[in-house]
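Report on the structure
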Amino acid sequence: MWVTALAFRMCPTERQVFIEHLEHYAKESEYPALDVFICTADPYKEPPIDVVNTALSVMAYDYPIEKLSVYVSDDGGSQLTLFAFMEAASFATHWLPYCKINKMVERCPEAYFASNPSPETDQIKSMYERMRDRVENVVKRGSISHDYIPDQREIEAFSRWTDEFTPQNHPPVIQVLLERGKDKDITGHDMPNLVYISREKRMDSPHHFKAGALNVLLRVSATMTNAPVILTLDSDMYSNDPQTPLRVLCYLLDPSMDPKLGYVQFPQIFHGINKSDIYGGELRHVYQVQLSGMDGLAGPQLIGSGGFFRRKIFFGGPSETPEMNQDRLTSKSIRSKEVLAMAHHVAGCNFENQTKWGTKMGFRYGSLVEDLYTSYQLQCEGWKSINCKPKMPAFLGNSPLNLHGLLNQTTRWSVGLLEIVFCKHNPIIYGVQSINLLSGLGFAYYAFWPFWSVPLTTYAFLPQLALLNSTSIFPKVSDPWFFVYVFLFLGAYGQDYLEFILSGGTTLRWWNNQRMWMMRGLSSFPFGWIEYFLKSMGISTFGFNVTSKVVQEEQSKRYKEGIFEFGIASPLFLPLTTAAIINLASFLKGIALVFKQGGLEDLLLQMLLAGFGIVNCWPIYEAMVLRTDEGKLPVKITLISIVLAWALC
């Protein structure tokens, strides 16, 4: 892991664009069309009003309306999400001209009204709040009353949700909510296209999670608008800069750029993270340090959201000239029967049978981390990428605000990463040969993340258990090898600290980040191994479990105060609490041995290690003993951990 991480430090690259120079390369009428893909999967874990805010923020881009289309993939097949976007389509006719007239930078309604409470916004704000209340009321009830859908055409749209319709078993649903040239805003100007899509799902047909949903969006958009540039976004990752597409064009339209440039990736930046970032949610090393390191090689990996692609990269390598869409119908109205029939056809679950979709075309199947796997395969085919990191974040999203959500998310990533490690395209072998040595090592660093569980679990338990048995396993203080251990520890942590601080982090955030690295290594990564092996043997059907974006008021309050959220009796907490108990017990035993033997020379390193573990485990001790709120550690987990610790001893 140390060797693979060196790849990020060999050629770090920072870039800057000058939007004012774009006019020298293309007029607005010559800009390529842009299709935006937004993915959501569960209205109860990803509130539809958040998805609506994301869509409205990109619909209001400083980009020619006639070249902008937004496609929303609802992989949960929920009529609640469709209703939310019907409401959004109506509100957008007021919101888009309001943004343009006032030349606003912040074009996500929720974020704008939170930071601009002036009376001048009262009218448009009340319109938004009425829409939000209607959407949230419908989600709370779980059904849509006819009072909310007076339009006959909308009533017909909901008629497809029959008793047999379930999230995992339903026909394709495609609803054109806004059509450019047909629908106007309140000032009489065109609206961008807005299309709702829920692909067909059948219990006996694999759907390949998010990668499958994105491939359906690729095909459906090809039948309707077929834009040469595509942006993919997560449901909560709203636009924070309306000029982001223009920044991308500075790369895509620059004749001096490598013709093999396939995509431009923006780092994920999160809002709402507390001052100390107790869960290390900003992933500063990944998004701020390592993306720049990969940019100096063949380019950064995809990170799930905020990637602008040339559509053609999903249909072959840069040396090929593939036909992107043989059934091109983009000259027709996207509401025409012919276009909709073709769109429903390509959204069917049997369309990909006997095709190259998922292997040589589209987003690649075979891993739960479809972003890393797809970008890795694209670079193996010869495509390059760029990391665009403007001072103003292009997108802002949500990070998990509870410990279980974060550990569960990392467990899912671990399963996907192990699928890459043990596939025939292992980065250490295939990647190094197909891309280059350093890029292959960079991708290997991510793929081998779950292997951190081996040293971390060893250091969390073995020296402490030896100390409990009065056994020394490290050199004495008088032994020269003692200083090698000290140097390696301080050197590794010093390097990690320096990179974190130089990238704009704080000391407190670094401390919490290293603690979460250890927590992941003790919990998420081992559970990822278990899930991977069970899945490989056909015992488990572990899949894409959507990370909940719903935050309860009390939970949010505790998070802002920097208090860890446990709350539920999850097996993911067992390794953490067991390690906390053993580290505390071994440290106390060490103190007793010092008084008994009158010296520390033999056991100093083990004492320091146990003490370091105790300091990192303080939130766990607090949750076990000192807290009475709902976020405390359940007694059941504490008791099981005591039994496990005793058994290990």
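Residues numbered from 1 in each chain as written. Predicted model: local features only at pLDDT ≥ 70, side-chain atom pairs only at ≥ 80, totals over all residues. Heavy atoms only, no water.

1. Some remarks on the UniProt feature "binding site: UDP-alpha-D-glucose" (unreviewed entry) in the chain
Our working rule: UniProt positions are given in the numbering used here, feature names are shortened, and annotations may be inferred rather than shown by experiment. Helix numbers and strand numbers start at the N terminus; a helix is a DSSP run of H or I with at least 4 residues, a strand a run of E with at least 2. Using a 1.4 Å probe on the protein chains alone, a residue whose accessible area is under 20% of its type maximum counts as buried, one over 50% counts as exposed, and one in between counts as partly exposed. Polar contacts here mean pairs of N or O atoms no more than 3.5 Å apart (in protein, one a potential hydrogen donor and the other a potential acceptor; neighbouring residues in sequence count only if both atoms are side-chain atoms).
Residues annotated in UniProt with the feature "binding site: UDP-alpha-D-glucose" (unreviewed entry) correspond here to Lys45, Glu46 and Asp75. Across 31 residues, the annotated set stays spatially compact, with a maximum C-alpha separation of 12.4 Å. Structurally, Lys45 can be placed in the loop between strand 1 (34–40) and helix 2 (48–59). Judged by its relative accessible area of 26%, Lys45 is partly exposed. Its location among the elements puts Glu46 in the loop between strand 1 and helix 2. According to the relative accessible area criterion, Glu46 is buried, its value standing at 9%. There is a polar contact of 2.8 Å between the side chain of Glu46 and the backbone nitrogen of Ala41.

2. Quick look at the pattern of salt bridges
Note the cut-off: Between Lys or Arg on one side and Asp or Glu on the other, a salt bridge is scored when a side-chain nitrogen of the former is within 4 Å of a carboxyl oxygen of the latter.
Across all of its chains, the model carries 26 salt bridges by this definition. Two residues, Arg15 and Asp295, come together in a salt bridge whose shortest N-O distance is 2.8 Å. Of this pair, Arg15 sits in the loop between helix 1 (2–5) and strand 1 while Asp295 sits in helix 9 (residues 284–295), and the two are 280 residues apart along the sequence. Here Asp183 and Arg335 are joined by a salt bridge, their closest N and O atoms 3.3 Å apart. Highlighted residues: Asp183 in the loop between strand 3 (173–178) and strand 4 (193–198) and Arg335 in the loop between strand 9 (307–310) and helix 10 (337–346), separated in sequence by 152 residues. Residue Arg335 is classed as partly exposed on the basis of its relative accessible area, which comes to 24%. Counted as one network, the salt bridges with shared partners bring together Glu179, Lys182, Asp183 and Arg335.

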